[in-house]
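For reference, the chains in residue letters:
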Amino acid sequence: MTYQFENIRLEKGMYGRSGHTFTQTLEELDPSEHYRGTPLEGLDAFQRQLKRFDIKVKGAGSDLVEKFFHSTDSAVLFPEFVSRVVRQGLEEESILPHITATVTNFDGMDYRTIASIPTGDQKALRRVEEGAEIPQTTVRTQENLVRLHKRGRMLVASYEAIRFQRLDLFSVTLRQIGAYIGRQHLQDAVEVLLNGDGNDNAAEKFTIGTPPISGSKGTLSYEALLDFWSQFDPYTMNTMLVSTDVMLAMLKLSEFQNPLTGLNFQGTGSLTSPLGAKLLRSAAVPQGTLIGLDKGYALEQICGSQVTVEYDKLIDRQLERAAITSISGFAKLFGEASKVLTV
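Please read all numbers here as calculations on a predicted model, not as lab measurements.

Engineer: Even after reading the chapter, I still don't get the pattern of salt bridges, so can you show me in this structure?
Structural biologist: A side chain with one charge can pair with a side chain of the opposite charge if their charged atoms come near. The tally for this structure, following the rule as stated, stands at 13 salt bridges. Between E66 and R163 there is a salt bridge, and its shortest N-O distance comes to 3.0 Å. Of this pair, E66 sits in the loop between α2 (45-52) and α3 (72-75) while R163 sits in the loop between α6 (159-162) and α7 (167-195), placing them 97 residues apart in sequence. A salt bridge links E92 to R175; its shortest N-O distance comes to 4.0 Å. Taken together, the residues E92 in helix α4 (residues 78-92) and R175 in helix α7 connect sequence positions 83 residues apart.

Engineer: How should I be thinking about the environment of F330 in this particular structure?
Structural biologist: Along the chain, F330 falls in strand β12 (residues 320-332). By relative accessible area, F330 is classed as buried at 2%. Along the chain, F330 and V192 lie 138 residues apart, while their C-alpha atoms are 6.6 Å from each other. Dropping the residues within four chain positions of it, F330 is found in contact with L96, T100, V146, H185, D188, A189, V192, D197, L299, E300, Q301 and I302.

Engineer: Would you take a moment to explain the packing of helix α1 (residues 22-29) against α2 for this structure?
Structural biologist: Pairs of packed helices are described in terms of their axes, by the angle between the two and the distance that separates them. In the contact formed by α1 and α2, the axes pass within 8 Å of each other and the chain directions differ by 80°. Of the possible angle classes, the one that applies to α1 and α2 is roughly perpendicular. On the side of α1, the interface is formed by F22, T23, L26 and E27, while α2 contributes A45, F46, R48 and Q49. Grouping the constituent residues of the contact of α1 with α2 by class yields four nonpolar, two polar and two charged.

Engineer: So what exactly am I meant to see when it comes to the packing of α4 against α7 here?
Structural biologist: Between α4 and α7, the shortest axis-to-axis distance is 6 Å and the interhelical angle comes to 55°. It follows from the interaxial angle that α4 and α7 lie oblique. Relative to α7, the crossing made by α4 is right-handed. Where α4 approaches α7, its residues F78, F81, V82, V85, V86, Q88, G89, L90 and E92 are matched on the opposing element by L167, F170, S171, L174, R175, I177, G178, A179, I181, G182 and H185. Residues belonging to the contact of α4 with α7 are distributed by class as follows: 12 nonpolar, six polar and two charged.

Engineer: Quick question: what am I supposed to make of the side chain of K332 here?
Structural biologist: Mapping K332 onto the fold places it in strand β12. For the buried K332, which has no salt bridge, the nearest side chain bearing the opposite charge is D197, at an N-O separation of 7.9 Å. Polar side-chain contacts of K332 include one of 3.2 Å to the side chain of S338.

Engineer: Got a minute to help me understand the sheet that holds strand β13 (residues 338-342) in this structure?
Structural biologist: For sheets, the rule is that strands pair by backbone hydrogen bonds, running either parallel or antiparallel. Within the open sheet, the five strands sit side by side as β7-β13-β10-β8-β9. Their pairing is mixed. Each edge of the open sheet is held by one strand with a lone partner, namely β7 (204-207) and β9 (278-281). Across the sheet, the mean angle from the axis of one strand to that of its neighbour is 25°, orientation sign disregarded. Summarising the sheet, strand β10 (residues 289-293) and β13 pair through five bridges and their orientation is antiparallel. Of the residues in β13, the one forming a bridge with G292 is K339. Docked against the sheet, α7 engages β7, β8 (239-242), β10 and β13, running at close to 80° with respect to β10.

Engineer: What exactly am I supposed to notice about α2 here?
Structural biologist: Spacing of three or four residues puts side chains on the same side of an α-helix, whose turn is 3.6 residues. When α2 is considered as a whole, its buried residues turn out to be A45, F46, R48, Q49 and L50. In this structure, the buried residues of α2 make contact with α1 and α4. Capping of α2 at its N-terminal end is provided by D44; its side-chain oxygen lies 3.1 Å from the backbone amide nitrogen of F46. One or two steps after α2, the chain reaches D54, where phi turns positive at roughly 55°.

Engineer: Where do I start with the nonpolar core in this structure?
Structural biologist: Inside soluble globular proteins, nonpolar side chains tend to come together where they are buried. Membership of the largest hydrophobic core comes to 39 residues, with the highest contact counts inside it found for F68, F78, F81, V82, L174 and I324. Top element by residues in this core is α4. It accounts for six residues. Beyond its immediate sequence surroundings of up to four residues, V82 is in contact with L174, V309, L314 and I324. The next biggest cluster of nonpolar side chains, apart from the first, holds 22 residues, and it includes F228, F232, M237 and L253.

The rules we used
Residues numbered from 1 in each chain as written. Predicted model: local features only at pLDDT ≥ 70, side-chain atom pairs only at ≥ 80, totals over all residues. Heavy atoms only, no water. Salt bridge = Lys/Arg side-chain N within 4 Å of Asp/Glu carboxyl O. Helix = DSSP H or I, 4+ residues; strand = E, 2+ residues; numbered from the N terminus. Buried < 20%, exposed > 50% of the residue type's maximum accessible area, 1.4 Å probe, protein only. Contact = heavy atoms within 4.5 Å. Axes fitted to C-alpha atoms, helices over the stretch in contact; angles between N-to-C directions. Parallel < 35°, antiparallel > 145°, perpendicular 65-115°, else oblique. Nonpolar A, V, L, I, M, F, W, Y, C, P; charged D, E, K, R; others polar. Left-handed = near helix turned anticlockwise from the far one by under 90°. Lys, Arg positive; Asp, Glu negative; His and termini not counted. Polar contact = N/O pair within 3.5 Å; in protein donor to acceptor, adjacent residues only side chain to side chain. Pairing = 2+ DSSP bridges. Core = buried A, V, L, I, M, F, W, Y, C linked by side-chain atoms within 4.5 Å.

And the structure:
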């Protein structure tokens, strides 16, 4: 049986289409819906091309890197393979999905988000009498632009150095590059949570031992956490992003040694505090700092581009130096949905 994907001509220009990824271009030429009920159902257009050239990218039987370069057409697939594996590394251990309310794709480097900053009176839930004016919520664009940052790494290797490497082994290096880019994006997110996105919306800061937070400065207590939690009304502190030293201090509290908390961690790998908030640790958070946030309202991630690679260098084998980059930025949606506690 002959399939449509076996007759598609692959060329470098498929990477350069504005507003389209390589896979999206392939999908237009070879829609996945045409393969329903066939052995290829469930594969996307790129994966079908790997089948076409019999390139195995995973497992002990994975092919050598040079398998991509057996023909001009198959060589065009190599940049997409690199991009996908790097993206896998970026997403594997990323905690960004646990601290961002929404992700916005944006084609550019400067972004202006929206804001709604209600007054205390506007937050009140008032009954609307017949004929009375309905309370208003005003949504406007922020005054200042949100800067997006390009983060990435340079892949330095000659084709001769990697051609006889197994794709499965080569993927380990690519995933590590993705993880590194992911950590850079997380640092950007923490910076915005702490200091704002340039629109005078830095997080409100509390210190243990200074009202309204009880306790002694330098010492973390469960009572202090409760006081901090109570500052979030009308939002809910459902996520805590903490530094390593604060994480250790919290886990030593008797309230965090509840057997049910331990069983949940053993069963799911997820730490949930007695306050009901998801507990996340990151080296990007300054020492002695706890960031509390309502995950559904605090932070917006803006993606200027997914993982991109210099496809010309990869396709033409003259690898030597090829940039792997991702453009991203962050904006605060509702300032009161994130606050900072200093131990």
